[in-house]
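# Fold and geometry: a report
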Amino acid sequence: MAICAYYSWRYLGNPDYPAIMGGINLAIHELGHVIFRPFGRFIMSAGGTILQCAAPVAALAVLLRQPDYYGLPVCLVWLGSNFFGVGRYAADARARELPLVTLGGSMDINSHDWYDMLNRIGLLTWDEMIGNWFVALGYIAVFGGLGVSIGIVVTVRRQGQPQSG
């Protein structure tokens, strides 16, 4: 629970905080491009973000099914960290100032996932607004993780027993 409080505090102070999960999130993001490549360029571009955000949601679902509630706050903070990263990336679509990572291939102007996606659907001028929506989702997820963490601590103290199965 302390780790969730620590990362929540860091993210709330700076959504661009480069937590330990940053490298894992990036690896999952890049894997998403590989997995979604057969479905065309747009879905391949979106695939990084899709898998990056789906991974903590899948982990959350597994923990709920077990039921192992101690990991829920971690998954929510992890999801929040992904939303913060996606928000930063989406907001950069027009400026394209962020350094990009690719698994081989060329780095042309369309290598920026969010530039490619938003340009294709005619929403490129909304990049900063869309980025802000993701950042807002990040705050919701982080606050949710912190709230669940506090709820678990309070419940355990009242019952005097763990909530995990």
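Since we're looking at a predicted model, the values are computed, not measured.

### Observations regarding the pattern of salt bridges
Counted under the stated rule, the structure contains 3 salt bridges. Between Asp116 and Arg41 there is a salt bridge; the shortest N-O distance is 3.2 Å. Linking Asp116 in helix α5 (residues 113–120) with Arg41 in helix α3 (residues 41–65), this pair joins segments that are 75 residues apart in sequence. Note on Asp116: relative accessible area 3%, which makes it buried. On the accessibility criterion, Arg41 (34% relative accessible area) is partly exposed. Asp116 is the partner of Arg120 in a salt bridge, and the nearest nitrogen-oxygen pair spans 2.8 Å. Of this pair, Arg120 and Asp116 both sit in helix α5, 4 residues apart, which is roughly one turn of that helix. Each of Arg41, Asp116 and Arg120 takes part in salt bridges that share partners, so that together they form one network.

### Remarks on the packing of aromatic side chains
This structure, assessed with the given rule, holds 5 aromatic pairs. Here the aromatic rings of Phe84 and Tyr139 are separated by 5.1 Å at their centres, their planes lie at 75°, and the arrangement is edge-to-face. Of the two residues, Phe84 sits in helix α4 (residues 72–91) while Tyr139 sits in helix α6 (residues 127–159), which places them 55 residues apart along the sequence. Overall, Phe84 belongs to the buried group, its relative accessible area being 1%. Assessed through its relative accessible area of 26%, Tyr139 is described here as partly exposed. On the basis of an interplanar angle of 55° and a centroid distance of 6.5 Å, the ring pair of Trp126 and Trp133 is categorised as tilted. According to the relative accessible area criterion, Trp126 is partly exposed, its value standing at 45%.

Conventions used here
- Residues numbered from 1 in each chain as written.
- Predicted model: local features only at pLDDT ≥ 70, side-chain atom pairs only at ≥ 80, totals over all residues.
- Heavy atoms only, no water.
- Salt bridge = Lys/Arg side-chain N within 4 Å of Asp/Glu carboxyl O.
- Helix = DSSP H or I, 4+ residues; strand = E, 2+ residues; numbered from the N terminus.
- Buried < 20%, exposed > 50% of the residue type's maximum accessible area, 1.4 Å probe, protein only.
- Phe/Tyr/Trp six-rings, centres within 6.5 Å; stacked < 30°, edge-to-face > 60°.

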